[in-house]
Amino acid sequence: MCPIPNVERDGFKIFIAESLRAQNIEYMFGIVGIPITEIAIAAQAVGIKYIGMRNEQAACYAASAVGYLTGRPGVCLVVSGPGFLHALGGMANANLNCWPLLVIGGSSDRNQETMGAFQEFPQAVRTSIYGRPGSCYIDIPGDFVNLQVDKSSVKYVECCLPPPLSMAEQSTISEAVSVVAQAEQPLLIVGKGAAYSRAENNVRKLVDLCGLPFLPTPMGKGVVPDNHPNCVAAARSTALQHADVIILLGARLNWILHFGLPPRFRQDVKVIQIDICAEELGNNVRPAASLLGDINTVTKQLLEEFSKRRWKYPSSSQWWKKLREKIMSNEEKSKGLELQKSLPMNYYTVFRHIRDLIPRDCILVSEGANTMDIGRTALPNYQPRQRLDAGTFGTMGVGLGFAIAAAMVAKDRTPEKRVICIEGDSAFGFSGMELETICRYNLPILIIVVNNNGIYTGLDTDAWKEMLKSGDPATCAPPVSLLPNAHYERIMSAFGGKGYFVTRPEELQDALKASVADGHTPALINVLIDPRSERKKQEFPWLTRSNM
């Protein structure tokens, strides 16, 4: 076909990139290949930042974290087949966490497979952020990427509007306030839905106005600062087990909250559910009041209703006395573990030094079994959306992808803010090669690997050598064991970052001080701890079967 004279033409890849930019997309993560390499180049040309990762799964985790941190979806760019399949873990994690995400995949040319409808970008972005946020997938046939298009025929759609803010029915607001006002042992549970909806100002006002004890879920930490006098995180089990009225603010009664069922909760507990998703209301427990709407908007409605009634829960109640006694008891137990001087160190000793030396306003990324669980209580958060972890899906391997996303967003918005990624050695292994990505983009992330030589527990060097005398490790090594004393810090050094191998408290202090002071160089501190170290005994373990 002869070219049409005097008509400006360009590849479809340019219009893909320009359509994304028109929707205020800022970040794209992925691994290039045929046919999507040109899309990444075009995205950079229009001002979208492209971060090339080492695994599609980590790229997808990073893109989803951008959605949570900014409210606009990040993009994960993958090739078809195995590239797309590797991204499925990140898509599932985004859906379960309710984070907006856009996955763009290249596929074979249209004449090589059955044709399907093409979903336009504005529709995909809207779908990812409206209602309950989640992931969207767009498939682009390979021959579309370099297709020549008449520029004058392209119609651009304006950036989609922010999600509409829905309010709860006023009658349900009044009903909920009446239930709370009659409570003898109330509890407010703050979920990551409150963080995502930017509800921190109204939630803090609600806590102060009503004098309610509150419990943050792991990623709800910081919506109200952890050092607020009404925070009862240190008495979590007691608060959940004995509360007679619970306000569930953007949290779900899933495994993280033991499904809202006995023995973790009272049989007669009254639950007030506030959620943007109608399908979530009444899940597992019949609510005393269901408030469907945007968390920030509904919290404002509750504030207005409580202001009219001038109700405040008395700080001198027996309930507060019981909670404070439990807080003091649990904090004393943790303090005793923190101050132990035996070597190798335990988790609590390590976290005490980390807590004392990292910046107060840093973004904390955490994953691993005991590492994440203990860090959840040992490391406080004072601001919202500054803690990222395994989340609702309990996903391992998210840490470095989340850290890269957080560092990219912080670089553009709050360059003085540090990103600290604290991982168990098993969790680190899922995406350890992303250290190269961190060094390639010179992201000043501090990674702390709490190394116990295993999954949950491991073996020390002597026990490992003794075990090898029994034969092939495949037949005699405990399935939870990893290679003892692995030098993960050398991987960071190999890529140009700074690596530290730590076995003693003073070495940990020195490494932390040096890493925090150097705000420009990626660093990894490999902290060797006692392979038998575990968290203190829990009355109701966080990760257990519901009937235990």
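Residue numbers run consecutively from 1 along every chain, following the written order of its sequence. Under the rules for a predicted model, residues below a pLDDT of 70 receive no local features and side-chain atom pairs below 80 are neither given nor counted, while totals for whole chains, interfaces and linings still include all residues. The side-chain values count all of the structure's non-hydrogen atoms but skip hydrogen atoms and water molecules.

A. The overall build of the chain, seen in detail. Starting at the N terminus, helices and strands are each numbered in turn, a helix being any DSSP run of H or I of at least four residues and a strand any DSSP run of E of at least two. The number of helices and strands found in the chain is 21 helices and 20 strands. Every radius of gyration here is taken over C-alpha atoms, with the globule rule written as 2.2 Å times N^0.38, N being the number of residues. Against the compact-globule benchmark of 24 Å for 548 residues, the chain has a radius of gyration of 25 Å, which places it among compact chains. Each residue gets one of three labels from its accessible area relative to the maximum for its type: buried under 20%, exposed over 50%, partly exposed in between, using a 1.4 Å probe on protein chains only. The buried share among the 548 residues of the chain stands at 55%. In this description, contact between two residues means that some pair of their heavy atoms is separated by no more than 4.5 Å. Put simply, of all contacts in the chain between residues at least 6 apart along the chain, 77% involve residues at least 24 apart. Every accessible area reported is derived by Shrake-Rupley at a probe size of 1.4 Å, with residue values counting cover from the shown protein chains alone. Summed over all atoms, the accessible surface of the chain reaches about 23,400 Å², with 53% contributed by carbon and sulfur. When charges are counted, neither His nor the chain ends are considered; positive counts come from Lys and Arg and negative counts from Asp and Glu. Lysine's charge is taken at NZ, arginine's at CZ, aspartate's at CG and glutamate's at CD. The chain carries 56 positive and 54 negative side-chain charges, and their two centres are separated by 6 Å.

B. Layout of the packing of aromatic side chains. By convention, a stacked pair of Phe, Tyr or Trp rings (six-membered ring in the case of Trp) has centres within 6.5 Å and planes under 30 degrees apart, an edge-to-face pair has planes over 60 apart, and any other such pair is tilted. Going through the model one piece at a time under the given rule, you end up with seven aromatic pairs. On the basis of an interplanar angle of 50° and a centroid distance of 5.5 Å, the ring pair of Trp-99 and Phe-402 is categorised as tilted. One end of the pair, Trp-99, is in the loop between α4 (82–97) and β5 (101–107); the other, Phe-402, is in helix α15 (residues 399–413), and 303 residues separate them in sequence. The two residues Trp-99 and Phe-402 agree in class, both being buried. Every member of this aromatic cluster is reached through a ring pair, and the members are Tyr-61, Tyr-68, Trp-99 and Phe-402.

C. Main features of the confidence of the model for the chain. Confidence in the prediction of the chain, expressed as mean pLDDT, is 91, and 93% of residues score 70 or more. Per-residue confidence from the prediction method is given by pLDDT, with values spanning 0 to 100. Note on residues 1–9: pLDDT is under 50 here. Beyond four places in sequence and across chains, it has seven contacts. Segment residues 543–548 is flagged for pLDDT under 50; beyond a separation of four residues in sequence, or across chains, it makes eight contacts in the model.

D. Structural view of the sheet that holds strand β13 (residues 363–367). Strand order in the open sheet formed by six strands is β14-β13-β15-β16-β20-β19, with parallel pairing between adjacent strands. The open sheet has two edge strands with one neighbour each: β14 (387–388) and β19 (498–502). Sheet analysis places β13 next to strand β15 (residues 419–424), joined by five bridges and oriented parallel. Note that in β15 the partner of Ile-363 across the bridge is Val-419. Strands were regarded as paired on the criterion that DSSP finds at least two bridges between them.

E. Summary view of helix α7 (residues 170–181). Given a helix with a known number of residues, its expected span is that number minus one, times 1.5 Å. When the terminal C-alpha atoms of α7 are compared, their 17 Å separation across twelve residues agrees well with the 16 Å that a helix rising 1.5 Å per residue should span. If you check which residues of α7 are buried, you get Thr-172, Ile-173, Ala-176, Val-177, Val-179 and Val-180. In a view along the axis of α7, the buried residues occupy a sector of 160°, so they form one face of it. Where α7 is buried, its residues contact β10 (245–249), β11 (270–275), β12 (289–292) and α11 (295–309). Of all possible arcs, the one meant is that of the directions from the helix axis to the C-beta atoms.

F. How the structure looks around empty space enclosed by the protein. Here the term cavity refers to a set of points on a 1 Å grid, laid over the protein atoms alone, in which a 1.4 Å probe fits but cannot get out; the term pocket refers to an open set having protein on both sides within 12 Å along at least five of seven lines, with lining residues being those that place an atom within 4 Å of a point. Grid points are joined across faces, edges and corners, and a volume is the space filled by probe spheres set on the points. In the structure shown here, the tally under the stated rule is two cavities of 30 Å³ or more. For the largest cavity, the calculated volume is near 50 Å³. Taken together, ten residues make up the lining of the largest cavity; nearest its centre are Pro-216, Thr-217, Pro-218, Arg-236 and Arg-376. Residue type decides the class: Asp, Glu, Lys and Arg count as charged, Ala, Val, Leu, Ile, Met, Phe, Trp, Tyr, Cys and Pro as nonpolar, and the leftover types, Gly among them, as polar. Along the lines of polarity and charge, the residues of the lining of the largest cavity split into seven nonpolar, one polar and two charged. Space inside the second largest cavity adds up to approximately 30 Å³. Lining of the second largest cavity is provided by Asn-24, Ile-25, Glu-26, Tyr-27, Val-66, Thr-70, Arg-72 and Pro-73. Along the lines of polarity and charge, the residues of the lining of the second largest cavity split into four nonpolar, two polar and two charged.

G. Examining the environment of Met-53 more closely. You can see Met-53 is positioned in the loop between β3 (49–52) and α3 (56–70). Not counting the four nearest positions on each side in its chain, Met-53 is found in contact with Phe-29, Gly-30, Ile-31, Ala-58, Ala-59, Ala-62, Gly-401, Ile-404, Glu-434 and Thr-437.

H. Seen up close, the state of the cysteines. Throughout, disulfides are identified as pairs of cysteine sulfur atoms within 2.5 Å of each other. Under the counting rule described, the total for this entry stands at zero disulfides. In this model Cys-136 remains outside any disulfide bridge; the closest cysteine sulfur is found in Cys-160, 11 Å from its own. By relative accessible area, which is 7% here, Cys-136 ends up buried.

I. Highlighting the packing of helix α13 (residues 347–357) against helix α21 (residues 505–517). Here, axes are lines fitted to C-alpha atoms. For helices the fit covers the stretch in contact, and angles between N-to-C directions go from 0 to 180 degrees. The contact between α13 and α21 brings their axes to 10 Å, and the two run at 30°. Relative to α21, the element α13 lies roughly parallel. For the pair α13 and α21, the crossing hand works out as right-handed. Residues Val-350, His-353, Ile-354 and Leu-357 of α13 form the contact with α21, whose own contacting residues are Pro-505, Leu-508, Gln-509, Leu-512, Lys-513 and Val-516. Of the residues belonging to the contact of α13 with α21, the class tally is seven nonpolar, two polar and one charged. Here the angle decides the label: under 35 degrees means roughly parallel, over 145 means roughly antiparallel, 65 to 115 means roughly perpendicular, and every other value means oblique. By definition, turning the near helix anticlockwise from the far helix through less than a right angle yields a left-handed crossing, and turning it clockwise yields a right-handed one.

J. Quick peek at helix α2 (residues 37–45). Taken together, the buried positions of α2 are Ile-39, Ala-40, Ala-42 and Ala-43. An end-on view of α2 places all buried positions within 165° of arc, on one side of the element. Along α2, the residues that are exposed and aim more than 90 degrees away from the buried face are Ile-41 and Ala-45. Following α2 by one or two positions, Gly-47 has its phi on the positive side, about 100°.

K. A look at the side chain of Arg-236. With respect to the secondary-structure elements, Arg-236 resides in helix α10 (residues 236–242). Buried charge without a salt bridge: Arg-236, with Asp-373 as the nearest opposite-charge side chain at an N-O distance of 9.5 Å. Identification of polar contacts relies on pairs of N or O atoms within 3.5 Å, with a donor-acceptor requirement for protein atoms, meaning one able to donate a hydrogen and the other able to accept it, and with residues adjacent in sequence counted only if both atoms are side-chain atoms. In this structure the side chain of Arg-236 is engaged in a polar contact, spanning 2.7 Å, whose partner is the backbone oxygen of Ile-256. For salt bridges, the criterion is a side-chain nitrogen of Lys or Arg within 4 Å of an Asp or Glu carboxyl oxygen.

L. Highlighting the sheet that holds β11. The five strands lie next to each other as β9-β8-β10-β11-β12, forming an open sheet whose pairing is parallel. The open sheet has two edge strands with one neighbour each: β9 (214–216) and β12. Mean inter-strand twist for the sheet, computed between neighbouring axes without regard to direction, equals 15°.

M. The arrangement of unusual backbone geometry in detail. The amide bond that connects Pro-262 to the next residue, Pro-263, takes the cis arrangement and shows omega of 5°. In this structure, Pro-263 sits in the loop between β10 and β11. Although it is not a glycine, Asn-284 sits at a positive phi angle of roughly 80°. Mapped onto the secondary structure, Asn-284 falls in the loop between β11 and β12. For Asn-284, a relative accessible area of 41% gives the class partly exposed. Positioned with a positive phi, Tyr-456 is a non-glycine residue whose angle comes to about 75°. Within the fold, Tyr-456 resides in the loop between β17 (454–455) and β18 (457–458).

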